[in-house]
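Coordinates in review
Take a look at the letters that make up each chain.
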Amino acid sequence: MRSTTSWAPFLLFLLQIENFDAFPGFKMLVKAIMSEGDQVPVYLIFESTHTGFPFLGISATGKKVRFSLMMMLRIADGKIIEKRSHVECE
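The notes below deal with the structure included here. (Residues numbered from 1 in each chain as written. Predicted model: local features only at pLDDT ≥ 70, side-chain atom pairs only at ≥ 80, totals over all residues. Heavy atoms only, no water.)

Concerning the overall build of the protein chain
Rules: Strands are runs of DSSP state E lasting at least 2 residues, helices are runs of H or I lasting at least 4, and numbering of each runs from the N terminus. Exposed residues in this analysis have more than 50% of their type's maximum accessible area, buried residues have under 20%, and partly exposed residues fall in between, with area computed by a 1.4 Å probe over protein chains only. In what follows, residue pairs with any heavy atoms lying within 4.5 Å of each other are defined as contacts.
Helix and strand content of the protein chain: one helix and four strands. By the burial criterion, 27% of the 90 residues in the protein chain qualify as buried. Here the analysis covers contacts within the protein chain between residues at least 6 apart in sequence; of these, 43% occur between residues at least 24 apart.

Comments concerning the pairing of strand β2 (residues 39-49)
Put simply, the rule is: When DSSP finds two or more bridges between a pair of strands, those strands are recorded as paired.
Sheet analysis places strand β1 (residues 27-33) next to β2, joined by six bridges and oriented antiparallel. Its bridge partner being in β2, K27 is matched across the sheet by E47.

Things to note about unusual backbone geometry
Of note in the backbone geometry, D77 takes a positive phi value of approximately 55° without being a glycine. Note on placement: D77 falls in the loop between β3 (64-76) and β4 (79-89). Classification of D77 as exposed rests on a relative accessible area of 80%.

Below, the structure is given as structure tokens:
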């Protein structure tokens, strides 16, 4: 059974690098990456424990966090010009 919890905060998390301070020692495991023209799909797994700074106003909980992330990047002139993400929490 899937949780009815909204995972939208995790999308916000991924867009704001300073939120990594809430998860010291995190792992972002690249499971697959490929390219086709200017498109680069990337499949990642994020793993950590919330032991650092507050995250979205929530003090450190000590709870483990794990979610998978699928990103579609579009590249032009060697730079990421578009990023689309889908998060699946386990």
